[in-house]
Amino acid sequence: MNAPGERTTGTTSWLYRRILHPIKLAADAAVRAWQSSLQLRVAATTLVITGVAVVVIGVFIVDQVAGGVLQAKRNAAIGQARLGQESARTSLSETDTSVPGDVEAARTKITADLTANGQSAGLFTTAIESESSTSANEITPSVAIPDGLRRLVQQSNLAVQYAPVRDGDRTVPGLIVGEPVSARTGVLDLYYLFPLTAEEQTIALVQRTVAVSGLALVLLVVGIALLVTRQVVRPVRVVSQTAGRLAAGDLSQRIRVHGVDDIARLGRSFNDMAGSLQRQIRRLEDLSRLQRRFTSDVSHELRTPLTTIRMASELLHAHRDEFPPALARSVELLNAELDRFESLLGDLLEISRYDAGVARLEPETADLRGVVQATVEASRLLAERQGSELVVNLPDEPVPVDMDSRRVERILRNLVGNALDHGEGKPVQITVRADADAVAVTVRDHGVGLLPGEAGLVFNRFWRGDPSRSRLTGGTGLGLAISLEDARLHDGWLQAWGERGKGAQFRLTLPRVAGHTLLASPLPLVPDEDARGANAFEFEEEDA
Amino acid sequence: MKPRVLVVDDDSALAEMLGIVLRTDGFEPSFVADGSRAMQAFRESKPDIVLLDLMLPGMSGIDVCRGIRAESGTPIIMLTAKSDTVDVVLGLESGADDYVVKPFKPKELVARMRARLRHHENLVSEQLTIGPADSPVTIDVPAHQVSRDGRPVALTPLEFDLLVALARKPRQVFTREVLLEQVWGYRHAADTRLVNVHVQRLRSKVERDPEKPEVVLTVRGVGYKAGPP
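Residues numbered from 1 in each chain as written. Chains lettered and ligands numbered in written order. Predicted model: local features only at pLDDT ≥ 70, side-chain atom pairs only at ≥ 80, totals over all residues.

This part is about the overall build of chain A. For chain A, the helix and strand inventory stands at twelve helices and eleven strands. Counting all 544 residues of chain A, 27% fall into the buried class. When contacts within chain A are restricted to residue pairs at least 6 apart in sequence, long-range pairs at least 24 apart make up 69% of them. (Helix = DSSP H or I, 4+ residues; strand = E, 2+ residues; numbered from the N terminus. Buried ≥ 20, exposed ≤ 12 C-beta atoms within 10 Å, placed from the backbone. Contact = placed C-beta atoms within 7 Å.)

Listed below in structure tokens is the structure:
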């Protein structure tokens with residue numbers, strides 16, 4: 001039972017692979033072409049409508065012509081039969097219907113007589129049947145008189161019917177007219193057989209003519225439709241391509257406009273729009289370039305005097321023991337604030353570099369664990385001051401990553417500094433995890449956390465979560481903004497999660513190979529529920 | 001004897017302040033404010049080390065740097081207001097040994113200067129050989145001389161220190177960070193571009209084909225090591 005089933009399956013899949021699938025592909029391609037080309041749609045619609053109209057009209061014309069021709073033939077045939085009836089009666093009245101030879105002679109005579117004074121009914125042959133004689137068919141064995149016609153004629157009617165007749169050696173469509181004729185020994189049925197060869201040829205000619213001219217008409221109309229839509233579609237395509245290039249950033253793109261028609265007006269309006277856009281964008285670009293240059297220049301120009309001040313301050317600071325207390329404290333404040341001023345200036349310059357688009361990635365393959373360890377070492381002092389423990393969770397295997405170590409270390413330093421700053425003395429966890437495509441570092445604190453909606457704001461420049469909180473590390477307010485730019489430069493992600501009272505977690509995800517697009521991160525952004533529960537419990541114990 | 005320092009900087013306040021700091025720290029500074037007079041001042045004062053601002057009137061710091069390098073291996077430390085990659089790399093490639101970014105702390109500057117001035121009082125005869133067997137590079141450490149195929153190779157003190165550091169442990173791979181610490185004297189992580197640029201400069205002098213190094217080899221993802229002796 002299985003074998004036929006399997007064969008059926010095999011046949012089905014073969015059928016699918018060889019026939020249905022290609023058909024499906026072709027259908028898909030056709031649907032796509034249909035949906036994407038206005039020209040195709042217009043041409044196809046025109047083709048269908050014109051085609052239907054031409055077929056209907058053609059059928060009507062052929063029908064009318066054929067009907068007219070056949071009607072004329074029929075009328076002529078009946079006239080011929082009427083005319084012939086008299087002479088036939090004369091000829092047949094002398095004929096003994098029981099003698100085939102006589103009948104045949106009479107038939108020949110009738111045909112000759114009729115043909116002699118023949119009219120417009122055209123060529124014909126005749127057949128004679130005796131109603132009483134069963135051998136009537138033998139008289140003209142080649143002609144089959146339809147039974148219906150024969151019955152009508154035997155009821156003494158003049159009857160007409162279309163039926164095949166012989167013309168030479170061929171059987172052709174024909175018209176048979178039958179009439180009863182009284183003969184000496186009874187009634188004979190005289191049939192006139194008109195082959196319709198000529199009429200058929202006429203009708204075929206008309207059919208051919210109608211078909212050819214109909215086809216030509218359809219092609220002509222479709223051609224016109226194609227031409228007209230092309231005239232409309234081509235400018236539309238030009239406009240669409242130009243708009244695409246404009247959107248891609250080439251603001252100098254314009255359309256060449258000829259004439260004053262609707263299409264030309266479209267082109268002109270489009271060009272006006274593009275020109276206006278270009279002017280606006282140029283103005284904004286100039287403005288923003290000036291602004292960025294200004295930020296960069298100011299930062300640079302400030303550096304030289306700041307260096308002098310810095311050195312003077314350091315010199316004073318080194319000798320502060322020799323000063324009276326108020327002066328000594330002033331020198332300390334001067335020195336500390338200079339540090340802040342300097343880092344602010346550095347951050348401003350860095351962000352202006354990003355704004356100006358001149359920041360460049362210099363990726364080198366390095367072990368991410370090394371960078372994390374260096375960051376942790378550098379943050380050790382700050383962690384001690386805050387009373388927070390730094391818990392580092394690194395993979396055992398090296399984690400080589402294509403990265404600009406300087407920038408990655410800066411990101412991590414910012415994240416760790418931020419976590420210590422807001423960690424309220426609780427441990428800060430740093431976790432590194434890697435998969436085949438990406439690496440992730442999370443920095444988790446258990447401090448005040450973030451309010452809903454704040455996770456998106458933390459990367460804003462000069463944003464402060466809680467203005468009333470004291471600034472412990474004296475951050476510049478640009479650290480996370482720069483970190484975000486650093487991460488973006490690596491095609492990486494920098495994201496934040498936080499909940500009020502539960503702390504916050506920042507996650508940095510980088511592609512392992514420079515330039516690859518990130519799809520997923522090896523670590524979750526929102527900390528694992530269980531781990532959080534356990535940690536929370538630990539802290540309660542510690543607090544108690 | 002106090003080390004002589006030539007300060008090439010057009011900002012008079014900064015130059016004066018630098019003078020105060022340098023004298024306090026036991027240097028003997030001399031000053032020049034114009035780039036076009038820097039070379040003359042260099043030849044006259046014969047300094048042990050040069051502090052060079054990159055933005056100068058007359059002649060750019062980069063050109064001054066090249067001019068000095070063409071004549072001598074005297075350590076040059078750039079003072080730059082720009083930490084942009086292009087400027088720093090351009091300065092290093094034109095021959096500067098190290099750079100400090102304004103605003104720098106005086107201690108930092110002095111530490112950098114001392115690192116460049118530190119003399120290896122190495123009286124013990126030490127001969128090192130590295131590179132391919134058919135064309136080895138020989139280093140006479142106390143004499144500060146390097147030769148390859150019998151011809152002497154002129155290296156700046158920094159390039160010499162870099163080569164010696166690698167040659168002393170021929171099988172060891174040095175990370176850039178370790179080299180920064182051993183050769184430049186950085187205690188904390190610093191700009192690894194310093195190492196990259198100077199390895200290139202060193203290669204251009206000791207390698208037969210700097211594109212296919214045999215003496216100073218790159219270990220991808222880690223750092224550098226000396227070629228097998």
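So, on to the overall build of chain B. Scanning chain B from terminus to terminus reveals eight helices and twelve strands. Buried positions account for 40% of the 229 residues belonging to chain B.

Note that an α-helix has 3.6 residues per turn; residues three or four places apart therefore point the same way. For helix α1 (residues 12-24) of chain B, with 13 residues, the first-to-last C-alpha span of 18 Å sits near the 18 Å given by 1.5 Å per residue. Residues Leu14, Met17, Leu18, Val21 and Leu22 of chain B constitute the buried set of α1 of chain B. Summarising the axial view, the buried residues of α1 of chain B lie within an arc of 135 degrees, below the 170-degree limit, and thus occupy one face. Buried-residue contacts for α1 of chain B involve α7 (262-318) of chain A together with β1 (4-8), β2 (28-32) and α5 (106-117) of chain B. A positive phi of about 90 degrees marks Gly26 of chain B, the residue just after α1 of chain B. (Expected span 1.5 Å × (residues − 1). Arc of directions from axis to C-beta.)

Bringing the sheet that holds strand β6 (residues 390-393) of chain A into the picture now. All names here are of chain A. Across the sheet, which stays open at both edges, the five strands sit in the order β6-β8-β9-β11-β10 with mixed pairing between neighbours. Lying at the two open borders of the sheet, with one neighbouring strand each, are β6 and β10 (493-499). Neighbouring strand axes in the sheet, compared pairwise and without regard to direction, differ in orientation by 15 degrees on average. Sheet analysis places strand β9 (residues 438-445) next to strand β11 (residues 503-511), joined by eight bridges and oriented antiparallel. Note that in β11 the partner of Arg444 across the bridge is Gln505. (Pairing = 2+ DSSP bridges. Axes fitted to C-alpha atoms, helices over the stretch in contact; angles between N-to-C directions.)

Attention now moves to the sheet that holds strand β8 (residues 145-148) of chain B. Residues and elements named next belong to chain B. Pairing is antiparallel in the open sheet, where four strands are placed in the order β6-β7-β8-β9. Strands at the two margins of the open sheet, each flanked by one partner only, are β6 (127-130) and β9 (151-153). If you compare each strand with its neighbour and ignore which way they point, the axes differ by 30 degrees on average. Running over the sheet, helix α6 (residues 157-168) touches β6, β7 (137-140) and β8 and is turned about 80 degrees from β6.

Turning next to the interface of chain B and chain A. Across the contact, 17 residues belong to chain B and 18 residues belong to chain A. If one sorts the elements of the side of chain B that touches chain A by residue count, α1 of chain B sits on top with five residues. Of the residues contributing to the side of chain B that touches chain A, the split by class is ten nonpolar, two polar and five charged. (Nonpolar A, V, L, I, M, F, W, Y, C, P; charged D, E, K, R; others polar.)

This next bit is on the pairing of β1 of chain B. Look at any regular strand and the pattern is simple: side chains alternate between the two faces of the sheet. All names here are of chain B. The buried fraction of β1 is high, at four of five residues. In terms of strand pairing, β1 meets β2 through five bridges, oriented parallel. Paired with Val5 across the two strands is Pro29, which belongs to β2. Tracing the backbone out of β1, into α1 and back to the parallel element β2 gives a crossover that is right-handed. In terms of strand pairing, β1 meets strand β3 (residues 49-53) through four bridges, oriented parallel. Bridge assignment links Leu6 to a residue of β3, and that residue is Val50. (Right-handed = clockwise from strand over helix to strand, strands pointing away.)

All right, on to the nonpolar core then. Within the largest apolar cluster, 62 residues are counted, with the highest numbers of intra-cluster contacts made by Val8, Val50, Leu52 and Leu163 of chain B. Leu450, Ala496, Phe506 and Leu510 of chain A belong to the second largest nonpolar core, which has 40 residues in total. (Core = buried A, V, L, I, M, F, W, Y, C linked by C-beta atoms within 7 Å.)

Our next topic: the environment of Thr45 of chain A. Residues and elements named next belong to chain A. Looking at the element boundaries, Thr45 is found in helix α2 (residues 38-93). What makes Thr45 exposed here is the crowd of 12 C-beta atoms within 10 Å. Sequence-wise, Thr45 and Ala225 are 180 residues apart; in three dimensions their C-alpha atoms are separated by 9.5 Å.

Turning next to the packing of α6 of chain B against helix α8 (residues 193-206) of chain B. Residue and element names in this part refer to chain B. Relative to each other, α6 and α8 sit at 90 degrees, their axes nearing to 10 Å. When the axes of α6 and α8 are compared, the pair comes out roughly perpendicular. Of the residues in α8, those in contact with Leu158, Glu159, Leu162 and Leu163 of α6 are His198, Arg201, Leu202 and Lys205. Grouping the amino acids of the contact of α6 with α8 by side-chain chemistry returns four nonpolar, one polar and three charged. (Parallel < 35°, antiparallel > 145°, perpendicular 65-115°, else oblique.)

Next up on the list: the confidence of the model for chain A. Scored by pLDDT, chain A has a mean of 80; 85% of the residues are at 70 or more. Low pLDDT (under 50) marks residues 1-7 of chain A, which in the prediction has zero contacts with non-local residues, meaning those over four places away or in another chain. (pLDDT = per-residue confidence, 0-100.)

What follows is about the environment of Pro400 of chain A. Examined against the element boundaries, Pro400 of chain A turns out to sit in strand β7 (residues 400-403). C-beta crowding within 10 Å serves as the criterion here: with 18 such atoms nearby, Pro400 of chain A is assigned to the partly exposed category. Expressed as a C-alpha distance, the spacing of Pro400 of chain A and Asp367 of chain A, which sit 33 residues apart in the sequence, is 4.3 Å. Filtering out sequence-adjacent residues up to four positions away, Pro400 of chain A remains in contact with Thr365, Ala366 and Asp367 of chain A together with Gly221 of chain B.

The predicted model of chain B has a mean per-residue pLDDT of 86, with 95% of residues at 70 or higher. The complex prediction reports pTM at 0.55, with the ipTM value standing at 0.78.

Okay, the pairing of strand β4 (residues 76-80) of chain B next. All names here are of chain B. Burial of β4 is extensive: five of the five residues sit out of reach of the surface. Burial along β4 is two-sided: Ile76, Met78 and Thr80 and Ile77 and Leu79, pointing in opposite directions, are all buried. Here β3 pairs with β4 via four bridges, running parallel. Across the sheet, residue Asp53 finds its bridge partner in β4, namely Leu79.

We now examine the environment of Val218 of chain A. Residues and elements named next belong to chain A. Mapped onto the fold, Val218 is located in helix α6 (residues 197-247). Each C-alpha atom of the pair Val218 and Val48 lies 9.1 Å from the other, and the pair is 170 residues apart in sequence. Contacts of Val218, omitting those with residues within four sequence positions, involve Leu47, Thr50, Gly51 and Val54.

Below, the discussion takes up the packing of α6 of chain A against α7 of chain A. Residues and elements named next belong to chain A. Two elements in contact, α6 and α7, have axes separated by 10 Å at closest approach and are oriented at 5 degrees. It follows from the interaxial angle that α6 and α7 lie roughly parallel. Contact residues: α6 offers Pro235, Val239 and Leu246, while α7 offers Ile263, Leu266, Gly267, Phe270 and Ala274. Here the residues of the contact of α6 with α7 are counted per class, giving seven nonpolar, one polar and no charged.

Look at the link from Lys102 of chain B to Pro103 of chain B: it is a cis peptide, with omega at -5 degrees. Among the secondary structure elements, Pro103 of chain B is positioned in the loop between β5 (98-101) and α5. A positive phi angle, near 50 degrees, is found at Glu424 of chain A, a position not held by glycine. For Glu424 of chain A, a count of 14 C-beta atoms within 10 Å translates into the label partly exposed.

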